[in-house]
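What follows is the residue order along each chain.
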Amino acid sequence: MTEDPTTTLARLRSSIDNIDAALVYMLAERFKATKQVGHLKAEHGMPASDPAREEQQVARLRSLAEQADLDPAFAEKWFNFVVAEVIRHHTEAADRR
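In this text, all values refer to a predicted model and were calculated from it rather than measured experimentally.

Here we look at the pattern of salt bridges
A side chain with one charge can pair with a side chain of the opposite charge if their charged atoms come near. Overall, the coordinates contain five salt bridges when judged by the stated rule. Note that Glu3 is salt-bridged to Arg11, the shortest N-O span being 3.0 Å. Overall, Glu3 belongs to the partly exposed group, its relative accessible area being 38%. Residues Arg88 and Glu92 are paired through a salt bridge, measuring 2.5 Å at the closest nitrogen-oxygen approach. With a gap of four residues between them, Arg88 and Glu92 both fall in helix H3 (residues 72-96), about one helical turn apart. What emerges from the salt-bridge pattern is a single network uniting Glu85, Arg88 and Glu92.

So, a nonpolar patch on the surface
Residues Leu70, Phe74 and Trp78 make up a contiguous nonpolar surface patch of about 300 Å² in total accessible area. Within the fold, Phe74 resides in helix H3. The class of Phe74 is partly exposed, set by a relative accessible area of 48%.

Some thoughts on the packing of helix H1 (residues 5-43) against H3
Where H1 contacts H3, the two axes come as close as 9 Å, and the packing angle between them is 40 degrees. Taken together, the axes of H1 and H3 lie oblique to each other. Between H1 and H3 lies a crossing whose hand is right-handed. The residues of H3 that touch H1, namely those facing Leu27, Arg30, Phe31, Thr34, Lys35, Val37, Gly38, His39, Lys41 and Ala42, are Trp78, Phe79, Val82, Glu85, Val86, His89, His90, Ala93, Ala94 and Arg96. Here the residues of the contact of H1 with H3 sort into 10 nonpolar, five polar and five charged.

Concerning H1
Between its terminal C-alpha atoms H1 stretches 57 Å, which fits the 57 Å expected from 39 residues at 1.5 Å a residue. Taken together, the buried positions of H1 are occupied by Phe31, Thr34, Gly38, Lys41 and Ala42. Where H1 begins, the capping side chain belongs to Asp4, and its oxygen is found 3.2 Å from the backbone nitrogen of Thr6. Just downstream of H1 lies Gly45, where phi reads positive at about 65 degrees.

Some thoughts on the packing of helix H2 (residues 51-67) against H3
Orientation of H2 relative to H3, taken along the N-to-C sense of each, is 145 degrees, at an axis distance of 8 Å. Handedness of the crossing formed by H2 with H3: right-handed. Note on element contacts: H3 touches H2 through Pro72, Ala73, Ala75, Glu76, Trp78, Phe79, Asn80, Val83 and Ile87, opposite Glu54, Gln57, Val58, Leu61, Arg62, Ala65 and Glu66. Broken down by class, the residue content of the contact of H2 with H3 amounts to 10 nonpolar, two polar and four charged.

Cut-offs used in this document
- Residues numbered from 1 in each chain as written.
- Predicted model: local features only at pLDDT ≥ 70, side-chain atom pairs only at ≥ 80, totals over all residues.
- Heavy atoms only, no water.
- Salt bridge = Lys/Arg side-chain N within 4 Å of Asp/Glu carboxyl O.
- Buried < 20%, exposed > 50% of the residue type's maximum accessible area, 1.4 Å probe, protein only.
- Helix = DSSP H or I, 4+ residues; strand = E, 2+ residues; numbered from the N terminus.
- Patch = residues over 30% accessible without salt bridge, like charges linked within 9 Å, V, L, I, M, F, W, Y side chains within 5 Å.
- Areas by Shrake-Rupley, 256 points an atom, 1.4 Å probe, with all protein chains shown as cover.
- Axes fitted to C-alpha atoms, helices over the stretch in contact; angles between N-to-C directions.
- Parallel < 35°, antiparallel > 145°, perpendicular 65-115°, else oblique.
- Left-handed = near helix turned anticlockwise from the far one by under 90°.
- Contact = heavy atoms within 4.5 Å.
- Nonpolar A, V, L, I, M, F, W, Y, C, P; charged D, E, K, R; others polar.
- Expected span 1.5 Å × (residues − 1).
- Polar contact = N/O pair within 3.5 Å; in protein donor to acceptor, adjacent residues only side chain to side chain.

Set out below in structure tokens:
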């Protein structure tokens, strides 16, 4: 007996909702760590962005995306979006010094 499409849809959406919740909490943890980095950089007069580090991370995440069967271009877009917010935080931390 096959599952009713409405039941299947509800089950799949529940799974998506759980994944979304996990992603939000993981992003929150990531930003807690990057805010600490921003304060450290501000205290020591370091630049808000680190292009070499960002380049390494893009390569690493593209590789991970390929392994996970995720579009590497999408992973790079996501990373660039997050890094733009991180740099904004780091710049604000430096401006408060």
